[in-house]
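What the coordinates show
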Amino acid sequence: MDHKEGSYKVRDLGLADAGRLRMEWAETRMPVLKRLREEFSQTKPFEGYRITGCLHVTKETGVLIETFAACGAEVAWSGCNPLSTNDEVAAALAVAGIEIYAWYGMNTEEFYWCIDRTIDKPPHLTLDDGADLIFTVHNRHRHLADTIIGGSEETTTGVHRLRAMADDGKLLYPVYAVNDAETKWDFDNVYGTGQSTLDGILRSTSVLLAGKNFVVAGYGHCGRGVAMRAAGMGANVIVTEVKPTAALKATLEGHRVMTMDQAAEIGQIFVTATGMRDVIRGRHFAKMQDGAIICNTGHYDVELNLQELAEISSDTRMVRPDNREYTLDNGNRIFVLADGRLVNLAAAEGHPSEVMDMSFANQFMAHLNLIRAHESGGDLSPRIIDLPVELDQHIGAIKLETMGLSIDSLTEEQVAYESDYAAGT
Ligand code: RBV
């Protein structure tokens, strides 16, 4: 492990060149973030501000970190999941002088050690994916909140938790719900999760998807993306849900809907995308067919109850990278991918750069808005803030332009018609 006190801890600095190549590759697919970097690296609005982030250390995150740095920020970073760090990217960032504490395969104690190192020096801004950093500040280092201007949260479950905290009056500073921007959730969560989840399943199994009974637990944005892409590859998609309207949508989009008890008996591949704990548990594992493949794509590793699987198993071994076989007492074998951690990041490279481009443009703008509010005496009361809807359209417009696509604009008459409440048949 390469370690420099007060500066970085990564797997191996020798991987830096490979990491640099990965980031350069991602950058060619992230024109919106590149545009923001070009625009704001002139004026360096983040000069004098320390941004502490806790988000998957991927090639795309590397591009975001270097964008903040190019715009003047002092950046300190840790990964937000023990199995999602790309060691090559982490090494390249350390060599580039970024304070980074992240390596693939860390344990829980090391995970929090890394977060603690990033706040040894007090941050002005926090950037989260899954809220572990902001909870660390609130639970163990509350004094830091006095000088923190604000923060942001990247993912659905993190935003849920922070909204609950704000409703309880427990939030100490304002946080942008980046997940809730349309140019985030309607792309990253759907198409990003859809593709990267299948990517993780294929890398760790290489099975044929066509003709398989493919069970998706949860038909939110992420589950919908996974179901859509699995169907596109010829799988027979089965959806399990607890919310009636979500189940109806799944049905009308052509998927079969049933309970997990029913699905357990016929499913061949299972993916959880619910944000809920124990979605697949002992009694379901006991009903499964020999050879069933199980994984999770939700942020936290609570959706599969692997403890209960272990209790009805007599043996376990790794059969491929990110693929663990459990032999059950009844003789059946069940294959669990990435130990139940988010399969798209643990067994593949996370969402493709093209969608992260928009997610991270929203992150960048959230932090820019926070320092602008700070400098102009704006409202920085503790609350969850949504990004302005105009920003969504602005980011969407840049993305379209960089894709070489043009769209129509309304004529003056059409604009007038839009707000003409007297118009009728
Ligand atoms: N996610 N990041 C990547 N390639 O950097 N891939 C996925 C990447 C984020 C995504 O925005 C989602 O909200 C979150 O990971 C779940 O932890």
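Residues numbered from 1 in each chain as written. Predicted model: local features only at pLDDT ≥ 70, side-chain atom pairs only at ≥ 80, totals over all residues. Heavy atoms only, no water.

Helix and strand counts for the chain come out as 17 helices and 17 strands. The principal-axis extents of the C-alpha atoms in the chain amount to approximately 75 × 65 × 45 Å. A burial count over the chain gives 55% of its 425 residues as buried. The long-range share in the chain, meaning contacts at least 24 apart out of those at least 6 apart in sequence, stands at 71%. When the accessible surface of the chain is summed, it comes to about 18600 Å², and 50% of that surface belongs to carbon and sulfur atoms. Here the chain contributes 39 positive and 61 negative side-chain charges, whose respective centroids are spaced 4 Å apart. (Helix = DSSP H or I, 4+ residues; strand = E, 2+ residues; numbered from the N terminus. Buried < 20%, exposed > 50% of the residue type's maximum accessible area, 1.4 Å probe, protein only. Contact = heavy atoms within 4.5 Å. Areas by Shrake-Rupley, 256 points an atom, 1.4 Å probe, with all protein chains shown as cover. Lys, Arg positive; Asp, Glu negative; His and termini not counted. Charge placed at Lys NZ, Arg CZ, Asp CG, Glu CD.)

Among the secondary structure elements, threonine 197 is positioned in helix 8 (residues 182-205). Under the relative-accessibility criterion, threonine 197 is labelled buried at 0%. If near-sequence neighbours (up to four positions away) are discounted, threonine 197 is found in contact with Val226, Val271, Thr297, Val343 and Asn344.

Every regular strand shows the same layout, with side chains that alternate between the two sheet faces. Note that strand 14 (residues 313-320) and strand 15 (residues 323-328) share 6 bridges and pair antiparallel. In the sheet register, threonine 316 faces strand 15, and the bridge partner there is tyrosine 326. Counting the residues in the hairpin turn of strand 14 and strand 15 gives 2 residues, including aspartate 322, whose phi is positive at 60°. As paired elements, strand 15 and strand 16 (residues 333-337) share 5 bridges and run antiparallel to each other. (Pairing = 2+ DSSP bridges.)

Estimated volume of the second largest pocket: approximately 390 Å³. Along the wall of the second largest pocket there are 14 residues; nearest its centre are Phe187, Met358, Gly396, Lys399 and Leu400. Within the residue set of the lining of the second largest pocket, elements represented by two or more residues are helix 8, helix 15 (353-376) and helix 16 (389-402). Tallying contributions element by element places helix 16 first for the lining of the second largest pocket, with 6 residues. By residue class, the composition of the lining of the second largest pocket is 7 nonpolar, 3 polar and 4 charged. (1 Å grid on protein atoms, 1.4 Å probe; cavity = no way out; pocket = protein on both sides within 12 Å on 5 of 7 lines; lining within 4 Å. Points joined across faces, edges and corners; volume = space filled by probe spheres on them. Nonpolar A, V, L, I, M, F, W, Y, C, P; charged D, E, K, R; others polar.)

Our next topic: the packing of helix 3 (residues 59-70) against helix 15. In contact at an axis separation of 10 Å, helix 3 and helix 15 are set at 30° when each is read in the N-to-C sense. Considering their axes alone, helix 3 and helix 15 lie roughly parallel with respect to each other. Both helix 3 and helix 15 take part in a crossing whose hand is right-handed. Across the interface between the two elements, Lys59, Glu60, Thr61, Leu64, Thr67 and Phe68 of helix 3 pack against Ser353, Met356, Phe360, Gln363, Phe364 and His367 of helix 15. (Axes fitted to C-alpha atoms, helices over the stretch in contact; angles between N-to-C directions. Parallel < 35°, antiparallel > 145°, perpendicular 65-115°, else oblique. Left-handed = near helix turned anticlockwise from the far one by under 90°.)

Mapped onto the elements, asparagine 81 comes out in the loop between strand 4 (74-78) and helix 4 (87-95). Asparagine 81 sits in the buried class, given a relative accessible area of 3%. Within the local environment of asparagine 81, its side chain forms a polar contact with the backbone nitrogen of leucine 83, the two atoms lying 2.9 Å apart. In contact with asparagine 81, not counting residues within four places along its chain, are His56, Phe111, His299, Arg341 and Leu342. (Polar contact = N/O pair within 3.5 Å; in protein donor to acceptor, adjacent residues only side chain to side chain.)

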